[in-house]
Amino acid sequence: MAFFWSGDSAIRHGLRQVRSAAGRLSSYAAFWLKAFHQPAIDLSLRTHSGLTTRIVESPGLALSQADLDELVSRLRTVAGKTLPAGDLTYGIFSGERERLSRAIVTLISEEATGRPIAFNALSVMSVELDGEPQQVTHLGLVMVDPDVQGQGLSWVLYGLTTLVLFARDGLRPKWISNVTQVPAVFGMVCDTFSDVFPSPDAGARRSFAHLQLARGIMREHRAVFGVGGEAGFDEARFVITDAYTGGSDALKKSYDAAPKHRDEQYNAWCMRELDYARGDDVLQLGRIDLAGARRYIQRDVPAGSLPALLAASAVLALQRLILPMVHWLDDTRPFGSLRPWRGNGR
């Protein structure tokens, strides 16, 4: 009899696990379907136990004034825990709709209390490349409440949103930019994305595309990352000199205070190339492509994460079977040497 009840209990436990997994599968499937079909993303996903992640694209356009004020207030709450010595005044913290219309906010909150604990604010910049407008996704500002640091949030804050944008755009390579003086972040960008410059990697090179985009960003978009007009830019090294004069002063760090990367080569590069006393930053440019997405999924996302398994399967299937045909048949966008068809009044 004891054996019977034990077996029955095990079966019921197994059924509960199956139902739970099915529920999570349905939630994640709904997340990715929304990501592909929404004109402006506003998605919520349970990425950790007890935590909810919300991704909001163009909140300055999509949200009512009350909802926008609430979102900005939650971002300021995290910033207040992160930077007690001063308030930020640039970008998303201004609360201006025009600034927030170009932002993509990823906000992590506690499920039980709703307390915001971390966020990432991306920005989309239009920059000319070879005479054509090119969208560059700036990785933007990341802040984590010191009380919850070390809980494995980085894979969400540094990669999930760019992966969603990349997938929604048909897995076409997308340019990304990053401005930092933090060795840990500098190394994360080098490790995650493709064709990154600058980088200590022996194969890293500054292409003419890198240079065009960097010049355009520094000419037209300094306000996105809080760099004043008087800051210099070294085009050979992509180093912004005296960068902390445009509203981002509270972010300036000494080398000793800046979080380090586990790979010493990134720490050594920052120490050698950046003048921390003056307040230098490095401007990085790279791309998210299939290779970068695969590296992110396989290395950064926790192995037990079901979204990671779904995304990996989708990437491999699209890469090997579907993607080339989709790109070939889409006559509205360039693909390699092919250009969009503009006949018949289109």
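Above this text you will find the structure in question.
Scoring rules and cut-offs
Residues numbered from 1 in each chain as written. Predicted model: local features only at pLDDT ≥ 70, side-chain atom pairs only at ≥ 80, totals over all residues. Heavy atoms only, no water. Helix = DSSP H or I, 4+ residues; strand = E, 2+ residues; numbered from the N terminus. Buried < 20%, exposed > 50% of the residue type's maximum accessible area, 1.4 Å probe, protein only. Contact = heavy atoms within 4.5 Å. Areas by Shrake-Rupley, 256 points an atom, 1.4 Å probe, with all protein chains shown as cover. Axes fitted to C-alpha atoms, helices over the stretch in contact; angles between N-to-C directions. Left-handed = near helix turned anticlockwise from the far one by under 90°. Pairing = 2+ DSSP bridges. Salt bridge = Lys/Arg side-chain N within 4 Å of Asp/Glu carboxyl O. Polar contact = N/O pair within 3.5 Å; in protein donor to acceptor, adjacent residues only side chain to side chain.

(A) Up close: the overall build of the chain. Per the secondary structure count, the chain includes 10 helices and 10 strands. The proportion of buried residues among the 346 residues of the chain is 45%. Intrachain contacts of the chain at a sequence separation of at least 6 include 67% that bridge at least 24 residues. Roughly 17200 Å² of accessible area belongs to the chain as shown, and the carbon and sulfur atoms make up 55% of that amount.

(B) Just the packing of helix H5 (residues 154-168) against helix H9 (residues 290-300), in detail. At a minimum axis distance of 11 Å, the contact between H5 and H9 shows a crossing angle of 140°. The way H5 lies across H9 gives a crossing that is left-handed. On the side of H5, the interface is formed by Trp155, Val156, Gly159, Leu160, Leu163 and Phe166, while H9 contributes Leu290, Ala293, Tyr296, Ile297 and Asp300.

(C) Inspection of the pairing of strand E1 (residues 42-48) at higher detail. In this sheet, strand E2 (residues 51-57) lies alongside E1 in antiparallel orientation, the contact comprising five bridges. By the bridge assignment, aspartate 42 is partnered in E2 with valine 56. Two successive antiparallel strands, E1 and E2, enclose a turn made up of two residues, where glycine 50 displays a positive phi of approximately 80°.

(D) Up close: the pattern of salt bridges. A complete count under the given rule lists 13 salt bridges for this structure. Here aspartate 147 makes a salt bridge to lysine 81, at a shortest N to O gap of 3.0 Å. Here aspartate 147 is found in the loop between strand E5 (132-144) and H5, whereas its partner lysine 81 is found in helix H3 (residues 65-82), with 66 residues between them in sequence. Given the relative accessible area of 58%, aspartate 147 is considered exposed. Given a relative accessible area of 37%, lysine 81 falls into the partly exposed group. Ionic pairing is found between glutamate 273 and arginine 272, a salt bridge with its closest N-O pair at 3.2 Å. According to the relative accessible area criterion, glutamate 273 is buried, its value standing at 18%.

(E) Just unusual backbone geometry, in detail. For the peptide bond that leads from phenylalanine 197 to proline 198, omega is -5°, which places it in the cis range. Positionally, proline 198 belongs in the loop between strand E7 (194-197) and helix H7 (208-220). Despite not being glycine, aspartate 195 shows a phi value in the positive range, around 55°. For aspartate 195, the position within the fold is in strand E7. The residue aspartate 242 is not glycine, and still its phi comes out positive at about 55°. With respect to the helices and strands, aspartate 242 occurs in the loop between strand E9 (239-241) and helix H8 (264-273). Residue aspartate 242 is classed as partly exposed on the basis of its relative accessible area, which comes to 33%.

(F) Expanded view of the side chain of threonine 180. Within the secondary structure, threonine 180 is located in strand E6 (residues 174-180). The buried category is assigned to threonine 180, whose relative accessible area is 7%. Here valine 182 takes part through its backbone nitrogen, which lies 3.0 Å from a polar atom of the side chain of threonine 180. The residues touching threonine 180, leaving out its near neighbours within four places in the chain, are Val185, Phe186, Leu274, Asp281, Val282 and Gln284.

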